[in-house]
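Tertiary structure, described
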Amino acid sequence: MEIQGKIISALPERSGTSQRTGNAWKVQEFVVETHDQYPKKMAFEVFGEDRLQRFNIQVGQEVNIAFDIDAHEYNGRWFNSIRAYDVRLVDGQAQAAAQTVAPEGIPVPDAPIANNVEPAGDSAEDLPF
């Protein structure tokens, strides 16, 4: 799955050592906000020091996030996990193009549309029911 938006928050990194393998791990959570008519926020995590360095996510960046969703059970309750496996910066030209699209996904016309279209029919006989 993918989502595009602006990074609005970066939580502190967490790290530790795996009890099974003894390997060190790092994870950091971020919050992204979409640009929909009714903006949505999504918290996601990036796991692994190599990915954290490669993605170099900063608050205020416009990004496209590819992620997986999974859930796990703990003490009879279920918890979602949203983990990003790819984060790419959105370039300025693509961002400007995205802003010229209406919230419903319909492109905004360059010129006004003429209102000289006549209705197909206005009699009760034309109704489908």
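Residues numbered from 1 in each chain as written. Predicted model: local features only at pLDDT ≥ 70, side-chain atom pairs only at ≥ 80, totals over all residues. Heavy atoms only, no water.

Considerations on the overall build of the protein
In terms of regular secondary structure, the protein is built from two helices and six strands. Along the protein, helices and strands appear, N-terminal first, in the series β-β-β-β-α-β-β-α. Intrachain contacts of the protein at a sequence separation of at least 6 include 48% that bridge at least 24 residues. Split by element, the accessible area of the protein, about 10100 Å² in all, is 50% carbon and sulfur. (Helix = DSSP H or I, 4+ residues; strand = E, 2+ residues; numbered from the N terminus. Contact = heavy atoms within 4.5 Å. Areas by Shrake-Rupley, 256 points an atom, 1.4 Å probe, with all protein chains shown as cover.)

Concerning the pairing of strand 2 (residues 14-17)
Residues in a regular strand point their side chains to alternate faces of the sheet. Two strands pair when backbone bridges link them, and strand 2 and strand 3 (residues 24-33) are joined in this way by four bridges, in the antiparallel orientation. Looking across to strand 3, one finds that glycine 16 is bridged to tryptophan 25. (Pairing = 2+ DSSP bridges.)

Notes on the pattern of salt bridges
One pass over the full model with this rule turns up six salt bridges. One salt bridge connects aspartate 86 with arginine 88, and the closest N-O pair in it is separated by 2.8 Å. Note on arginine 88: relative accessible area 53%, which makes it exposed. Overlapping salt bridges bring together Glu13, Lys26 and Glu49 as one network. (Salt bridge = Lys/Arg side-chain N within 4 Å of Asp/Glu carboxyl O. Buried < 20%, exposed > 50% of the residue type's maximum accessible area, 1.4 Å probe, protein only.)

Re the nonpolar core
Membership of the largest hydrophobic core comes to 16 residues, with the highest contact counts inside it found for Val32, Met42, Phe44, Val46, Ile57, Ile65 and Val87. When contributions to this core are tallied by element, the ones reaching two or more residues are strand 1 (2-10), strand 3, strand 4 (41-47), helix 1 (49-55), strand 5 (62-74) and strand 6 (77-89). (Core = buried A, V, L, I, M, F, W, Y, C linked by side-chain atoms within 4.5 Å.)

Topic: the confidence of the model for the protein
Mean pLDDT for the protein: 82, with 71% of residues reaching 70 or above. Residue range residues 109-118 is modelled with pLDDT below 50. Its contacts to residues more than four positions away, or to other chains, number zero contacts. (pLDDT = per-residue confidence, 0-100.)

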